[in-house]
Every structure is written in structure tokens, then in C-alpha cells.
Amino acid sequence: MSEKRIYNFAAGPSTLPLEVLEQAKEELINYGGSGMSVMEMSHRSKLFLSIFEQTKSDLRRILNVPETHEILFLQGGATLQFAMTAMNLITATGKADYVLTGSFATKAYDEAKKYGDVAVAASSKDRNHSYIPAQSELNVRDDISYLYYTANNTIFGTEWKYVPQVNAPLVCDMSSDILTQPIDFEKYSVVFAGAQKNMSPAGLTVVFINKDYAGHALPYTPVMLDYAAMIKGDSMHNTPPCYNIYILGLVLEWIESLGGLEAIAQRNAKKAAVIYDAIDSSRLFRALAEPEARSRMNVTFRSESDEMDKAFIAFAGENGLQNVKGYRTVGGMRASIYNAMPYEGVEKLVAFMKDFAANNPKA
Ligand SMILES: Cc1ncc(COP(=O)(O)O)c(C=O)c1O
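Residues numbered from 1 in each chain as written. Predicted model: local features only at pLDDT ≥ 70, side-chain atom pairs only at ≥ 80, totals over all residues. Heavy atoms only, no water.

### What about the packing of aromatic side chains?
Operational definition: In this analysis, rings of Phe, Tyr and Trp, with Trp reduced to its six-membered ring, are considered paired at centre separations within 6.5 Å, and the interplanar angle assigns stacked below 30 degrees, edge-to-face beyond 60, and tilted for intermediate values. Helical segments are the DSSP runs of H or I of at least four residues, strand segments are the runs of E of at least two, and each set is numbered from the N terminus. Only protein chains enter the area calculation, which uses a 1.4 Å probe; residues under 20% of their type maximum are buried, those over 50% are exposed, and those in between are partly exposed. Comment: the charge-over-ring label is applied if NZ (Lys) or CZ (Arg) is within 6 Å of the ring centre and within 35 degrees of the ring normal.
Counting across every chain of the model gives 21 aromatic pairs. Judged by centre distance (5.6 Å) and plane angle (90 degrees), the rings of Phe 52 and Phe 73 are edge-to-face. You can see Phe 52 sitting in helix 2 (residues 46–63) and its partner Phe 73 sitting in strand 2 (residues 69–74), a full 21 residues away along the chain. Exposure class is identical for Phe 52 and Phe 73. Each is buried. Judged by centre distance (5.2 Å) and plane angle (55 degrees), the ring pair of Trp 160 and Tyr 162 falls under tilted. Taking the relative accessible area as the measure of exposure, Trp 160 reaches 7% and is therefore buried. Aromatic ring contacts, followed pair by pair, group Phe 82, Tyr 98, Tyr 109, Tyr 146, Tyr 148 and Phe 192 into a single cluster. The ring of Tyr 131 has Arg 127 lying over it, and the distance from NZ or CZ to the ring centre is 3.9 Å.

### Some words on the sheet that holds strand 5 (residues 146–150)
The criterion, for reference: Pairing between two strands is assigned when DSSP locates at least 2 bridges connecting them. Axes here refer to lines fitted to C-alpha atoms; in helices the fit is confined to the stretch in contact. Angles between the N-to-C directions go from 0 to 180 degrees. Contact definition: two residues touch when any of their heavy atoms are within 4.5 Å.
Sheet architecture is open: seven strands sit in the order 2-10-9-8-5-3-4, paired in mixed fashion. On the outer flanks of this sheet lie strand 2 and strand 4 (117–123), each paired with one strand and no other. Sheet twist, expressed as the average angle between the axes of neighbouring strands with direction ignored, equals 15 degrees. In terms of strand pairing, strand 2 meets strand 10 (residues 205–210) through six bridges, oriented antiparallel. Among the inter-strand pairings, Ile 71 is bridged to a residue of strand 10, identified as Phe 208. Helix-sheet contacts for helix 4 (residues 103–112) involve strand 3 (95–100), strand 4, strand 5 and strand 8 (170–173), and the interaxial angle to strand 3 is about 160 degrees.

### Details of the site of the ligand
Convention followed: Whether a residue is near a molecule or strand is decided by its heavy atoms; if any one of them lies within 4 Å of it, the residue is near. Pairs of N or O atoms within 3.5 Å make up the polar contacts considered here, provided that, within protein, one atom can donate a hydrogen while the other can accept it, and that residues adjacent in sequence are counted only when both atoms are side-chain atoms. Surface accessibility in these figures is a Shrake-Rupley result with a 1.4 Å probe; residues are shielded only by whichever protein chains are displayed.
Surrounding the ligand, one finds 13 residues, the nearest of these being Thr 79, Thr 154, Asp 173, Gln 196 and Lys 197. Between the ligand and the protein, one listed contact pairs an oxygen atom with a side-chain N or O atom of Thr 154 at 2.4 Å. In the model, an oxygen atom of the ligand is placed 2.9 Å from a nitrogen or oxygen of the Gln 196 side chain. Starting from 400 Å² of accessible surface for the ligand in isolation, the protein chains cover 84%. With four residues, the top contributor of residues to the shell around the ligand is helix 3 (residues 77–89).

### Topic: the side chain of Thr 154
Within the secondary structure, Thr 154 is located in the loop between strand 6 (152–153) and strand 7 (158–159). Apart from the residues lying within four places of it in its own chain, the contact partners of Thr 154 are Ala 11, Phe 104, Ser 176, Lys 197, Asn 298, Arg 334 and Tyr 338.

### Description of a nonpolar patch on the surface
Selection rule: Like charges within 9 Å and nonpolar side chains (Val, Leu, Ile, Met, Phe, Trp, Tyr) within 5 Å are joined into patches, using only residues over 30% in relative accessible area that form no salt bridge. Definition used for salt bridges: Asp or Glu carboxyl oxygen within 4 Å of a side-chain nitrogen of Lys or Arg.
Nonpolar side chains collect at one region of the surface, where Leu 28, Ile 29 and Met 39 lie side by side and expose about 320 Å² of accessible area between them. Considering the arrangement of structural elements, one finds Met 39 in the loop between helix 1 (18–27) and helix 2. Residue Met 39 is classed as exposed on the basis of its relative accessible area of 53%.

### With respect to the nonpolar core
Here is the rule we go by: We call a set of buried residues a nonpolar core when its members are Ala, Val, Leu, Ile, Met, Phe, Trp, Tyr or Cys and they connect through side-chain atoms within 4.5 Å of each other.
The biggest cluster of nonpolar side chains holds 56 residues, and the ones touching the most others in it are Leu 59, Leu 63, Ile 178, Leu 179 and Phe 208. Here this core gets 11 residues from one element, more than from any other, and that element is helix 6 (residues 242–257). If we ignore the near neighbours within four places in the chain, the residues touching Leu 63 are Ile 178, Leu 179, Gln 181, Ile 183, Phe 185, Phe 208 and Leu 261. Grouped together as the second largest cluster of nonpolar side chains are 32 residues, Leu 89, Tyr 115, Phe 192 and Ala 214 included.

As C-alpha cells, this is what we get:
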């Protein structure tokens, strides 16, 4: 690892591949002999358009996105998609159902309620969002415009291990697990993701939309929130987040250099297994998510007491393992191990957990 770099376990914005940062640094002030930075280029220039097209086609190839779906590079974060999905899709029947598996799903539900008859298909709140409801527990109405869920719950550290089977279009927030494993896009009308975990710096939101679901927005929908307008302008109705799109392009090259999505998925499974094994075999730590629902991306765990958690977080920080503090409403620890977290970072965390437990008289 490069000198002075830490292992950054932050949930987002999060660590980016060092190779990507180094290439961006190399090209920062003079991209491809153009004499300027990508930051300084017109989004309509030939040079930027070639970056844009390359990134879009690489993303389509790596994720195997079918031609039925358009790829959009938008702004406003995943949070703006909470409104945008509802405003564009709810018009079919005026109704939508939501599965509440954490904070972001609940926020999306609260937002959607403004635009129609929105109901809860299932919730995991009864056990502090430590699990994912089973297919048989989903109470989905017959005539909904869509079913909404959050594939990976960044704060609670749970992840859906199945795609809900319903007789309605699916809308899915994949902010914290996009590009971590293959996705069957045929099953989704809309998938969206804020970029700042597995794709690029904050400021870019990627949307995959089945084109059949565009063009039905509520009449008062602002143009920037209308999928049809975004598709028509090919994400350039206004200035897109150019630099973030360029970084996404570098991240995609990095994914391919590692062997593509299948290889990334294996790497992620291995990293997660190493940490969960260390937690399960420790007398000091326990995982917060129920075993069948454990996230491969955000590992939430705690020790015997708040004081010990604090000590662990502080000592980890001093040892170059930073941002392992859990979200404020959950407490304990959270190690976010997105694509760009190297295996060595996970090994170092596990070794540190073992040392900490061994040096703790109570353990
Ligand atoms: C699953 C999920 N959805 C939505 C959001 C909100 O994203 P943004 O800050 O891009 O609006 C986050 C942010 O961490 C997230 O993890």
C-alpha cells in the first residue's frame, strides 16, 4: 500500500481503488495530451463525449444491462431518486408498496407517500432491522404500480439474498451494493445507486431504467426529475457530473483488470467471510445482523459494552484502520468493505480484532 494511506472502512463516501486515484492524478492537469483537465472540458466536447460513451458502454457490458434499459448519469444523490422513482412510476395505478428494511427504505417510503397511495409490504423494524423479511412475509397488493426495496442496508448491515417475486415492476435502491455482483436487470423497472460507495466520488447517481417506464411522470414533475427528459437528453439535459463520470470509467477499467464482476463477487464473498468468521469465533464480538441476512458490504458488530466498543474504535484508528464506528442510531462497529477495500485491509482488521480480544482481560 502507498505510504501514508490508511484502510478506510467508511460507509460512503468510501475508499477508491489506489490504482484509480493514481491514474486520475497522472491525468489530472493534462488529460490525454489535451492540455486541460477533464474538470475543465465542455461536456459537449468530442473528448469528453468519448469518455462519456466509453464509460456508459463499459458499464453496460460489465453489468450486462439489456438494451431495454437506459443508463442515466444524474445528480441529487440516491435520496433524490426516492422522489423521482415515485413521481415517474406511481401514475400507473396510483399505488405502490415498500419493504422497510432500514433507514433509507423508510425515507424512500416517507417521500413516496406524498405522491399516492403507498403501503408497507413488510418491515424488519420489530427486530431493529437485523433481518430481511422472507418472500412469504411480503404482503403485496394486487394493483400496485411497483414494489420498492433496498438491496443492501448500509446502516444495519443486512442484504437481500433473493429478488422478490411479485406480479409488479420492481424498483430497487442498490446504492451500497451496485457493481459488487451480477444483477438480472430483466427483473427491474428501475435500479438506482448513489456513486459514492462502489463507483465514484459523491455527486453522481446512476440510474438503470426500463424505457417502458419513462414518460408517465406526474404532470407537475420538474423536468430534471422526469426520466423521459433525462433519456431524451442522454443525461445531458444540463451539465452532467463530468469528472465523476470519468472516475467511474477508471473504476470500471479497474474492475475489468481484476477479472470482471464474477471475480469481484468472489473477492467480496471471501472478504466478508473472513470478518464474519472472526466475529463468530470470538468471545468478545457479536454480529448485529442475523446470519441469513448478513451484508457482504457493511459488517455491523459490537463487543460487550459501549466502553469497549469505543476503545476498539479508538485503537483501530491509531492502527491505521479508520472509520469503523457504527452509525449513531445503531452503535457498535461497522466495517464497510466495498469493492475497493483490499483483502489486506480485511486481514489487518481481523488480526487487530484478535489482538484486541486477547489483550482484553474479560475476553
Ligand atoms: C442504501 C442507501 N440508499 C440511499 C442513500 C442516500 O444516498 P445519497 O446520500 O446519495 O442521497 C445511502 C447513503 O448512504 C444508502 O446507503
